[in-house]
Amino acid sequence: MLFGTVEYFEREMYNYLNENQLKEINGDSLAVIISKLQKEILYDFVCDERIRLECIENLKYAISLITQGKETVGV
């Protein structure tokens, strides 16, 4: 799975929840996950600005997928 894809971000969010033994997504856990992933995109991932913006959009889309009806880990 390539860094920056919607699937990558979905997997990273679920990995965080599993690693921290969280059963449900809540505002606090989601904020921590989003902050971590945004930091990676903005500061750790060296790329063209166009790609960086695409990654941010993919992250936003992955967040919407996670929060729309996928409320439990592993669903």
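Summarised in this report is the structure supplied together with it. In this numbering scheme, every chain counts its residues from 1 along its sequence in written order. Given that the model is predicted, a residue must reach a pLDDT of at least 70 before its local features are reported, and side-chain atom pairs must reach 80 or more before they are shown or counted; all residues, however, enter totals for whole chains, interfaces and linings. Derived side-chain values reflect all non-hydrogen atoms in the structure, with water molecules and hydrogen atoms excluded from consideration.

## Quick notes on the overall build of the chain
Here's step 1: Strands are runs of DSSP state E lasting at least two residues, helices are runs of H or I lasting at least four, and both sets are numbered from the N terminus onward. Tallying secondary structure elements over the chain gives three helices and zero strands in all.
Here's step 2: Counting from the amino terminus, the chain carries its helices and strands in the arrangement α-α-α.
Here's step 3: All radius of gyration figures rest on C-alpha atoms, and the globule criterion is 2.2 Å times the number of residues raised to 0.38. In terms of C-alpha radius of gyration, the chain reaches 12 Å, essentially the compact-globule figure of 11 Å for 75 residues.
Here's step 4: When its C-alpha atoms are laid out on the principal axes, the chain stretches across 35 × 20 × 20 Å.
Here's step 5: Think of it in three bands: with a 1.4 Å probe and only protein chains considered, a residue is buried below 20% of the maximum accessible area for its type, exposed above 50%, and partly exposed in between. Looking at the chain as a whole, 35% of its 75 residues are labelled buried.

## Notes on the pattern of salt bridges
Here's step 1: The term salt bridge refers to a side-chain nitrogen of Lys or Arg lying within 4 Å of a carboxyl oxygen of Asp or Glu. A complete count under the given rule lists six salt bridges for this structure.
Here's step 2: Between Glu 12 and Arg 11 there is a salt bridge; the shortest N-O distance is 3.6 Å.
Here's step 3: On the basis of relative accessibility, which here comes to 15%, the residue Glu 12 falls in the buried class.
Here's step 4: In this structure Arg 11 comes out as partly exposed when scored by relative accessible area, which is 33%.
Here's step 5: One salt-bridge network, in which partners are shared between bridges, spans Arg 11, Glu 12, Lys 36 and Glu 40.

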